[in-house]
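Spelled out from the first residue to the last, the chains are:
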Amino acid sequence: MEIDIRKEAGATVATMKGRLDAVTAPEYESRINSVVEGGETLLVIDFERLDYISSAGLRGLLVTAKLLKAKQGKVRFANVRGAVKEVFDISGFGSIFQMDDSVAASLAALTDH
Amino acid sequence: MTHDTKRFAAIIANLDAVSAFVEECADRFGLDAGKKFGVLLALEEVFVNICHYAYPDGAGDAKITCIDDNGLFVLEISDEGRPFDVLSRPDPDTTLDIEERPIGGLGIHLVRRLSDGASYQRQGGQNILRMEFKR
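Residues numbered from 1 in each chain as written. Chains lettered and ligands numbered in written order. Predicted model: local features only at pLDDT ≥ 70, side-chain atom pairs only at ≥ 80, totals over all residues. Heavy atoms only, no water.

### Let's talk about the overall build of chain A
1) Next: Scanning chain A for helices and strands turns up five helices and five strands.
2) Next: Its C-alpha atoms give chain A a radius of gyration of 13 Å, near enough to 13 Å, the size a compact globule of 113 residues would have.
3) Next: Across its three principal directions, the C-alpha atoms of chain A cover 30 × 25 × 25 Å.
4) Next: For chain A, the proportion of its 113 residues judged to be buried stands at 53%.
5) Next: Contacts in chain A between residues far apart in sequence, at least 24 positions, make up 72% of those at least 6 positions apart.
6) Next: Roughly 4700 Å² of accessible area belongs to chain A as shown, and the carbon and sulfur atoms make up 47% of that amount.
7) Next: Chain A carries 14 positive and 16 negative side-chain charges, and their two centres are separated by 4 Å. (Helix = DSSP H or I, 4+ residues; strand = E, 2+ residues; numbered from the N terminus. Rg over C-alpha atoms; globule rule 2.2 N^0.38 Å. Buried < 20%, exposed > 50% of the residue type's maximum accessible area, 1.4 Å probe, protein only. Contact = heavy atoms within 4.5 Å. Areas by Shrake-Rupley, 256 points an atom, 1.4 Å probe, with all protein chains shown as cover. Lys, Arg positive; Asp, Glu negative; His and termini not counted. Charge placed at Lys NZ, Arg CZ, Asp CG, Glu CD.)

### Structural notes on the interface of chain A and chain B
1) Next: Taken together, the 27 residues of chain A in the interface contact 26 residues of chain B.
2) Next: For the pairing of chain A and chain B, the buried interface totals around 2200 Å² over both sides, and the portion due to carbon and sulfur atoms is 67%.
3) Next: Taken as a group, Y52, I90 and I96 of chain A account for 26% of the area that chain A buries against chain B, more than any other trio of residues on that side.
4) Next: Run the count over chain A and chain B and you get one salt bridge.
5) Next: On inspection of chain A and its partner chain B, the count reaches six residue pairs in polar contact (both at pLDDT 80 or more).
6) Next: Elements supplying a minimum of two residues to the side of chain A that touches chain B: strand 3 (42–53), helix 2 (55–70), helix 3 (82–91) and helix 4 (93–96) of chain A.
7) Next: Top element by residues in the side of chain A that touches chain B is helix 2 of chain A. It accounts for nine residues.
8) Next: Looking at the side of chain A that touches chain B, its residues break down into 16 nonpolar, four polar and seven charged. (Buried area = accessible area lost by both parts, 1.4 Å probe. Salt bridge = Lys/Arg side-chain N within 4 Å of Asp/Glu carboxyl O. Polar contact = N/O pair within 3.5 Å; in protein donor to acceptor, adjacent residues only side chain to side chain. Nonpolar A, V, L, I, M, F, W, Y, C, P; charged D, E, K, R; others polar.)

### A look at the sheet that holds strand 4 (residues 118–123) of chain B
Residue and element names in this part refer to chain B.
1) Next: Pairing in this open sheet of five strands is antiparallel, and the strands run 1-2-3-5-4 from one edge to the other. Only two strands of the sheet have a single neighbouring strand rather than two, namely strand 1 (2–9) and strand 4. Strand-to-strand twist in this sheet, taken as the mean axis angle between neighbours without regard to direction, amounts to 15°.
2) Next: By the bridge criterion, eight bridges tie strand 3 (residues 72–79) to strand 5 (residues 126–134) in an arrangement that is antiparallel. Note on strand 5: the bridge partner recorded for F73 is F133. (Pairing = 2+ DSSP bridges. Axes fitted to C-alpha atoms, helices over the stretch in contact; angles between N-to-C directions.)

The structure is reproduced here in structure tokens:
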């Protein structure tokens, strides 16, 4: 898995590529959680190039969301599609997270208010 | 009916090798990409569970068997750890919001939903989990 983290339009955009599984989830958690602990409250996670996610990955996403919620922050997910979307739907994550069709749409939704 | 079996040390670092073995079997047995995704995900959930819980007092193996049974692709995963029926765990409440959602408990829910049938047996000192996938 690769994670690219960049600042864009007043938020942080994290682009994930490859597999978010039991092997890679600890790296995801340490990278993303350090962004949140560094004070970021607006986060977009881009799933466009992520082609696999397991419960270990879902757990990591939930931890991120809980951390942000505790700091009155917000996270939106962009480009959740295909098999990854199916895993979200089966686990009920599809209805607890805010999802958008593009990073631009996620950024607009986060910074509009 | 053909099958292929391999043993792996039950450690998370072996996940890539375990997945590669099952993926190779799935390709050889002619499983389509959508079904293969479900098989590999169910595999990870069960294998990781074994790594975490089967051998609290030390090291052990997981034995992975792929069976090509006409209309079915069967994945059988066994360990020699403490007796534990992972299917006896209740399903998590998937309707809870972010604050109430417990961390974890989703893996077996995914196994139940992605397979077309799962059963547990304790036999000869082994936990044997059998998952069937329709083509």
